[in-house]
Amino acid sequence: MITSKNFYERISAIEPDCFVLSLVAHESKVDKIIIDCVSLGMYTRALRGRKMRTMNGLYDEFSAACQFPLYFGENLMAFDECLSSLDNQDPGKGIVLVLTEPDQVLMDSIKFESELELFLSCLANAATEWGEKIDLGEWWDRPALPFHMVLVGAEKQLDDVSSKWRHTKSNLIIDNL
């Protein structure tokens, strides 16, 4: 495994009231990161930024990668709901979304800043929802689980993305792995 204990600790952490983005500046490591996260028991999905240049593209890519249910309405409320529940899929020991080409996300949007803020709010909401234990004595009970996104790209891409995304979302933590 290429993941260090430090990587495992970060990716397994539940961060209350914030959403953590982890930056990895080596695109060549994407397959290994995915394999390592899966071997750690994490629900791991790869997303391609080039497919998410608009909100509709973002919905399509997330829906395909995360296998949203057929009733997914391809709108912000449905996106938020599906990302926060993953509709009966086994989240394992936590959720890790690996995003390549993060600099391409919403780049064709005429409302870039507002749509980026909405997208990041949905991710933060999902992190909050997954980070809360459900203990109601029902079949859907589960422990609190971490929810993280790992951005993979060239160092310059990641610098640009972290600057834009940090500016948009105040409770966003960006760290380098």
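Residues numbered from 1 in each chain as written. Predicted model: local features only at pLDDT ≥ 70, side-chain atom pairs only at ≥ 80, totals over all residues. Heavy atoms only, no water.

Chemist: Explain the side chain of Ser-162 residue by residue, including any values.
Modeler: With respect to the secondary-structure elements, Ser-162 resides in helix H6 (residues 155–168). A distance of 3.1 Å separates a polar side-chain atom of Ser-162 from the backbone oxygen of Asp-159. (Helix = DSSP H or I, 4+ residues; strand = E, 2+ residues; numbered from the N terminus. Polar contact = N/O pair within 3.5 Å; in protein donor to acceptor, adjacent residues only side chain to side chain.)

Chemist: Can you tell me about the nonpolar core, naming the residues and giving the values?
Modeler: The biggest cluster of nonpolar side chains holds 37 residues, and the ones touching the most others in it are Phe-62, Phe-79, Leu-97, Phe-119, Met-149 and Trp-165. Put simply, the parts of the chain that give this core at least two residues each are strand S2 (43–48), helix H3 (55–66), helix H4 (76–85), strand S3 (95–100), helix H5 (112–130), strand S4 (147–152) and H6. Top element by residues in this core is H5. It accounts for 9 residues. Ignoring sequence-local partners within four residues, the contact set of Phe-79 consists of Leu-58, Tyr-59, Phe-62, Phe-68, Phe-72, Phe-119 and Cys-122. (Core = buried A, V, L, I, M, F, W, Y, C linked by side-chain atoms within 4.5 Å. Buried < 20%, exposed > 50% of the residue type's maximum accessible area, 1.4 Å probe, protein only. Contact = heavy atoms within 4.5 Å.)

Chemist: Hey, could you go over a nonpolar patch on the surface for me, with residue numbers and the actual values?
Modeler: Taken together, the side chains of Leu-136, Trp-139 and Trp-140 present a nonpolar region at the surface, about 420 Å² in accessible area. Relative to the assigned elements, Leu-136 resides in the loop between H5 and S4. (Patch = residues over 30% accessible without salt bridge, like charges linked within 9 Å, V, L, I, M, F, W, Y side chains within 5 Å. Areas by Shrake-Rupley, 256 points an atom, 1.4 Å probe, with all protein chains shown as cover. Salt bridge = Lys/Arg side-chain N within 4 Å of Asp/Glu carboxyl O.)

Chemist: Outline the pattern of salt bridges, supporting the account with residue identities and numerical values.
Modeler: Evaluation of the coordinates by the stated rule reveals 6 salt bridges. Of the charged contacts in the structure, one is a salt bridge between Arg-48 and Glu-61, with a shortest N-O distance of 2.9 Å. With Arg-48 in strand S2 and Glu-61 in helix H3, the pair connects residues that are 13 residues apart, well separated along the chain. Look at Arg-48 and you get partly exposed, because its relative accessible area is 34%. The closest approach of N and O atoms between Asp-160 and Lys-156, which form a salt bridge, is 3.1 Å. Placement of both Asp-160 and Lys-156 in helix H6 is noted, with a separation of 4 residues, approximately one turn of the helix. Taking the relative accessible area as the measure of exposure, Asp-160 reaches 34% and is therefore partly exposed.

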